[in-house]
Amino acid sequence: MSYSIAVDGPAGAGKSTIARKIAGQLGCIYVDTGAMYRAMALYLIQNGVNAGDARAISQKCQEADISIRYENGEQIVLLDGENVNGLIRTEEVGNMASASSPNPAVRKKLVSLQQKLAKTSDVIMDGRDIGTCVLPDATVKIYLTASSRVRAMRRYEELKAKGEDCDFETIEADIEKRDHQDMTRENSPLRQAEDAVLVDSSGLDIDGVVAEIIRICREKGIGA
Ligand code: DC
């Protein structure tokens, strides 16, 4: 049986960590759609596009050559054939991704790439609109969330561990602002699909969330 698993939820809920682990356990491909929006953002930055210029974003995004390759199970995002995984995790790229991802031309191009990937392999795909738009017929849909306080604490610990100077209240305010943007945007807002299962990771560790989602997948005949 071929299958697809959609995982949506707000920033910092643990989607990518959990989806990667589940892909390893089930032997399917993990598709990180946020990385594609980030690669597009990098392209726009490299081409001098202003984050507030919707027309320029719509035009320039058509020229971006974004593709995906897998090496030892790891997703490599290619921009004009070059591996950009090491360049897309900066604040600058994240902010441009947040500004450009609501653009309909950007979404049309990347959603089509995501749908093609899901046709060629069994996938677990994470993002904001996977269960609602990209894979409306996904075998399993998960809406993974956690309270903003817990998500801010995880981010705070992560930055602290990297030795970065950070302030908890600022991080929590940023997370709440990003949630609001993602949930109220006109195009493909973040929301739980009607047939998605809600998983709240606030009181669970990573392995606990993975076990819960694997259990939900088994109920649907995946990995049984
Ligand atoms: O999950 P992330 O932080 O890597 O996502 C980067 C940006 O892309 C973020 O602003 C949300 C947006 N995004 C989106 O609009 N749709 C998706 N399917 C995935 C990410």
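Rules used in this analysis
Residues numbered from 1 in each chain as written. Predicted model: local features only at pLDDT ≥ 70, side-chain atom pairs only at ≥ 80, totals over all residues. Heavy atoms only, no water. UniProt positions renumbered as here; feature names shortened; annotations may be inferred. Helix = DSSP H or I, 4+ residues; strand = E, 2+ residues; numbered from the N terminus. Phe/Tyr/Trp six-rings, centres within 6.5 Å; stacked < 30°, edge-to-face > 60°. Buried < 20%, exposed > 50% of the residue type's maximum accessible area, 1.4 Å probe, protein only. Core = buried A, V, L, I, M, F, W, Y, C linked by side-chain atoms within 4.5 Å. Contact = heavy atoms within 4.5 Å.

1. Describing the UniProt feature "domain: Cytidylate kinase" (unreviewed entry) in the protein
As annotated in UniProt, the feature "domain: Cytidylate kinase" (unreviewed entry) corresponds to residues 5-218 in the numbering used here. A distance of 12 Å separates the end C-alpha atoms of residues 5-218, which is 51% helix and 17% strand.

2. Structural notes on the packing of aromatic side chains
Applying the stated criterion across every chain, the model contains 1 aromatic pair. Ring geometry for Tyr-156 against Phe-168: centres 6.0 Å apart, planes inclined by 90 degrees, an arrangement best described as edge-to-face. Linking Tyr-156 in helix α7 (residues 148-161) with Phe-168 in helix α8 (residues 168-184), this pair joins segments that are 12 residues apart in sequence. Phe-168 matches Tyr-156 in its accessibility class, with the two residues each being buried.

3. Thoughts on the nonpolar core
Of all hydrophobic cores here, the largest spans 38 residues; its most connected members are Met-40, Ile-66 and Leu-135. Elements supplying a minimum of two residues to this core: α2 (33-46), α3 (54-60), β3 (66-71), β4 (74-79), α4 (91-100), α5 (104-120), β6 (123-127) and α6 (130-134). Top element by residues in this core is α2. It accounts for 9 residues. Setting aside chain neighbours within four positions, we find Met-40 in contact with Cys-61, Ala-64, Ile-66, Val-106, Lys-109 and Leu-110. Counting 23 residues, the second largest nonpolar core, distinct from the first, contains Val-7, Val-140, Ile-142 and Ile-214.

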